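Structural characterization, general
Listed below are the residues making up each chain.
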Amino acid sequence: MSSVSRFQPLPTVDAPQITLWVNDEPITARAGWTLAAALLANGITTTRHTAIDQQPRGPFCMMGVCFECRVTVDDIPNVQSCMTPVRDGMRVTLPRGPRVLS
Ligand code: FES
């Protein structure tokens, strides 16, 4: 299966460009995008791996239903990236494996 994202930003979008950090790497997005849209537009299709067998998961429904898009944002785990607007300087970690209870 191809991992090339079919999500592309609209060429007419004229919102300010911002930078956020994903696993300590910078990516760019436009203000007003959701985090899931920003990840997909930057070719990041896997947002987490399952706890037991490390299977990749990524945004599926883009409307807050499937919970496959969960990431860690500014040290807050299990944030639905499809429901979260991007913010300049946002720090995102793509979780891998079982969660640590705190
Ligand atoms: S993509 Fe389904 S909840 Fe975010």
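Up top you'll find the structure we're talking about.
So, a few notes on the structure that sits alongside this text.

About the thresholds
Residues numbered from 1 in each chain as written. Predicted model: local features only at pLDDT ≥ 70, side-chain atom pairs only at ≥ 80, totals over all residues. Heavy atoms only, no water. Buried < 20%, exposed > 50% of the residue type's maximum accessible area, 1.4 Å probe, protein only. Helix = DSSP H or I, 4+ residues; strand = E, 2+ residues; numbered from the N terminus. Pairing = 2+ DSSP bridges. Contact = heavy atoms within 4.5 Å. Axes fitted to C-alpha atoms, helices over the stretch in contact; angles between N-to-C directions. Polar contact = N/O pair within 3.5 Å; in protein donor to acceptor, adjacent residues only side chain to side chain.

Quick word on unusual backbone geometry
Positioned with a positive phi, Asp-24 is a non-glycine residue whose angle comes to about 70 degrees. Judged by its relative accessible area of 61%, Asp-24 falls in the exposed class. Positive phi, close to 60 degrees, is recorded for Gln-54, a residue that is not glycine. Its location among the elements puts Gln-54 in the loop between β3 (48-49) and β4 (56-57). Owing to a relative accessible area of 31%, Gln-54 belongs among the partly exposed residues under this scheme.

Structural notes on the pairing of strand β6 (residues 76-80)
On a regular strand, each side chain points to the face opposite its neighbour's, so the side chains alternate between the two faces of the sheet. Summarising the sheet, strand β5 (residues 70-73) and β6 pair through three bridges and their orientation is antiparallel. From the neighbouring strand, Val-71 faces β6, where its bridge partner is Val-79. If you look at the hairpin formed by β5 and β6, you'll find two residues sitting between the two strands, and Asp-74 has a positive phi there, around 50 degrees.

Focus on the environment of Leu-20
Structurally, Leu-20 can be placed in strand β1 (residues 17-22). In this structure Leu-20 comes out as buried when scored by relative accessible area, which is 0%. Considering only alpha carbons, one finds Leu-20 and Ala-38, 18 residues apart in sequence, at a separation of 9.3 Å. Not counting residues up to four positions away in its chain, the partners in contact with Leu-20 are Glu-25, Pro-26, Ile-27, Ala-29, Leu-35, Val-86, Arg-87, Gly-89, Met-90 and Val-92.

Focus: the side chain of Gln-80
Here Gln-80 is to be found in strand β6. Discounting chain neighbours no more than four positions away, the residues touching Gln-80 are Gly-64, Val-65, Phe-67 and Cys-69.

Some details on the sheet that holds β5
The mixed open sheet is built from five strands, whose spatial order is β2-β1-β7-β5-β6. On the outer flanks of this sheet lie β2 (25-30) and β6, each paired with one strand and no other. Along the sheet, successive strands turn relative to each other by an average axial angle of 40 degrees, direction set aside. Sheet analysis places β5 next to strand β7 (residues 91-93), joined by two bridges and oriented antiparallel. Bridging from a neighbouring strand, Val-73 pairs with Val-92 of β7.

Some thoughts on the side chain of His-49
With respect to the helices, strands and loops of the structure, His-49 is situated in strand β3. Side-chain polar atoms of His-49 contact the side chain of Arg-96, separated by 3.3 Å. Among residues more than four places away in sequence, those in contact with His-49 are Gln-54, Gln-55, Pro-56, Pro-95, Arg-96, Gly-97 and Arg-99.

Here we look at the pairing of β1
Where burial is concerned, the two faces of β1 differ: the one with Ile-18, Leu-20 and Val-22 is buried and the one with Gln-17, Thr-19 and Trp-21 is not. Pairing of β1 with β2 involves six bridges; the strand directions are antiparallel. Pairing of Trp-21 across the sheet is with Pro-26, part of β2. The turn linking β1 back onto β2 is made up of two residues, and Asn-23 within it adopts a positive phi angle of 50 degrees. Two strands pair when backbone bridges link them, and β1 and β7 are joined in this way by two bridges, in the parallel orientation. Bridge pairing links Val-22 to Val-92 in β7.

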